[in-house]
Amino acid sequence: MTEGGAWQGNWRVRLYERVRERGFDSLTAFAEARPAVPLHVLAEELGEEDVAGVQLLGGLLAEAEQRKQVTRFVRDVLVRLLSQHLPEGWPAVLDDSSRFTVAQSFAMWTSFTPETHKERVMQARAALRTSPPPPGWRPLGPDDELLRTLLPDEEV
């Protein structure tokens, strides 16, 4: 992406124009058609030179708030982060390197989570550290059974 290119002009309008050009009526529909694809990859699909992942993230959150599906959005963000940072799934052994990668993914997840859901995310992180998922676990979307157990769809 060019320096500052994503922030030139009306980037919100640009995002929606790009998803409509691809046959989707919302950012959510576009993202849902590509489950577990990292946000930066989705942003590149919409415009390598002028769309940033953080813009897509903000738009997806706004749509989730309108639809009262923020918890699902929060799960989706984790799925995309794990896909990016742990493409082979949950590590069989948490050595220094894999522990760092998991911690980095969790930190990013927390930073991308709206305040209304941070406490629940902290609890889910603790549960995943205390009782790790099986080796190779790789959620393929926000409706993953384990994730729905950790973060059920009750809106806060």
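Rules behind the numbers
Numbering of residues starts from 1 in every chain and runs along the sequence as written. Predicted model: local features are reported for residues with pLDDT of at least 70 only, side-chain atom pairs are reported and counted for 80 or more only, and whole-chain, interface and lining totals are derived from all residues. Processing note: side-chain calculations cover all non-hydrogen atoms of the structure and skip hydrogens and water entirely. Going along the chain from the N terminus, every DSSP run of H or I of four or more residues is numbered as a helix, and every run of E of two or more is numbered as a strand. Note that the radius of gyration is over C-alpha atoms, with the globule rule given as 2.2 Å times the number of residues to the power 0.38. Relative accessibility under 20% of the residue-type maximum defines a buried residue, over 50% an exposed one, and the middle range a partly exposed one, all with a 1.4 Å probe and only protein chains included. Between 30 and 60 degrees the pair is tilted, below 30 it is stacked and above 60 it is edge-to-face, where a pair is any two Phe, Tyr or Trp rings, Trp via its six-membered ring, whose centres lie within 6.5 Å. Nonpolar core, defined: a set of buried Ala, Val, Leu, Ile, Met, Phe, Trp, Tyr and Cys residues in which side-chain atoms within 4.5 Å join the residues together. By salt bridge we mean one thing: a side-chain nitrogen of Lys or Arg within 4 Å of a carboxyl oxygen of Asp or Glu. Under the convention used here, Asp and Glu are negative, Lys and Arg are positive, and both His and the chain ends fall outside the count. Pairs of N or O atoms within 3.5 Å make up the polar contacts considered here, provided that, within protein, one atom can donate a hydrogen while the other can accept it, and that residues adjacent in sequence are counted only when both atoms are side-chain atoms. Whether two residues touch is decided by their heavy atoms; if any such pair falls within 4.5 Å, the residues are in contact. Expected span of a helix: the number of residues minus one, times 1.5 Å.

Draft legend 1. Fine view of the overall build of the protein. Along the protein, the regular secondary structure elements total eight helices and zero strands. Order of helices (α) and strands (β) in the protein, N terminus to C terminus: α-α-α-α-α-α-α-α. In terms of C-alpha radius of gyration, the protein reaches 16 Å, essentially the compact-globule figure of 15 Å for 156 residues. In terms of principal-axis extent, the alpha carbons of the protein reach across some 45 × 35 × 25 Å. By the burial criterion, 47% of the 156 residues in the protein qualify as buried.

Draft legend 2. How the structure looks around unusual backbone geometry. Phi at A36 takes a positive value of approximately 70 degrees, unusual for a residue other than glycine. Counting through the fold element by element, A36 comes out in the loop between α2 (27-32) and α3 (39-47). The exposure class assigned to A36 is buried, which follows from its relative accessible area of 7%. Phi is positive for K68, close to 55 degrees, though the residue is something other than glycine. Its relative accessible area of 63% is what places K68 among the exposed residues.

Draft legend 3. Just the packing of aromatic side chains, in detail. Counted under the stated rule, the structure contains four aromatic pairs. Each ring, one from F106 and one from W109, has its centre 6.2 Å from the other, and the planes form 45 degrees; the classification is tilted. In this pair, F106 and W109 are both assigned in helix α6 (residues 96-112), three residues apart and thus about one turn of the helix distant. The residues F106 and W109 share a single accessibility class, namely buried. An aromatic cluster is defined as three or more aromatic residues linked by ring pairs; in this entry it consists of W90, F106, W109 and W137.

Draft legend 4. Layout of the nonpolar core. Residues L46, L56, L60, F73, V74, F106 and W109 are the most contacted members of the largest nonpolar core, which totals 37 residues. If you list the elements that add at least two residues to this core, you get α1 (11-21), α2, α3, α4 (53-67), α5 (70-85), α6 and α7 (115-130). The biggest single contributor to this core is α5, with eight residues.

Draft legend 5. Main features of the pattern of salt bridges. Across all of its chains, the model carries 13 salt bridges by this definition. The partner of D153 in a salt bridge is R75, and the shortest N-O contact between them spans 2.8 Å. Pair noted here: D153 is in the segment after α8 (145-150) and R75 is in helix α5, with a separation of 78 residues, a long-range link. Judged by relative accessible area, R75 falls into the buried class, the value being 0%. For the salt bridge of R148 with D153, the shortest nitrogen-to-oxygen distance reads 2.9 Å.

Draft legend 6. Representation of the side chain of K118 within the structure. Position of K118 among the secondary structure elements: in helix α7. E115 provides the closest opposite charge to the buried, salt-bridge-free K118, at an N-O distance of 4.2 Å. A polar atom in the side chain of K118 sits 2.9 Å from the backbone oxygen of T113. When residues no more than four places from it in sequence are discounted, the contact partners of K118 are T110, S111 and T113.

Draft legend 7. Representation of α4. Along its 15 residues, α4 runs 21 Å from first to last C-alpha, staying within 8% of the 21 Å computed at 1.5 Å per residue. All buried positions along α4 are accounted for by Q55, L56, L57, G59, L60, L61, E63 and A64. In this structure, the buried side of α4 is in contact with α1, α2, α3, α5 and α6. With its phi angle positive at about 55 degrees, K68 sits one or two positions after the end of α4.

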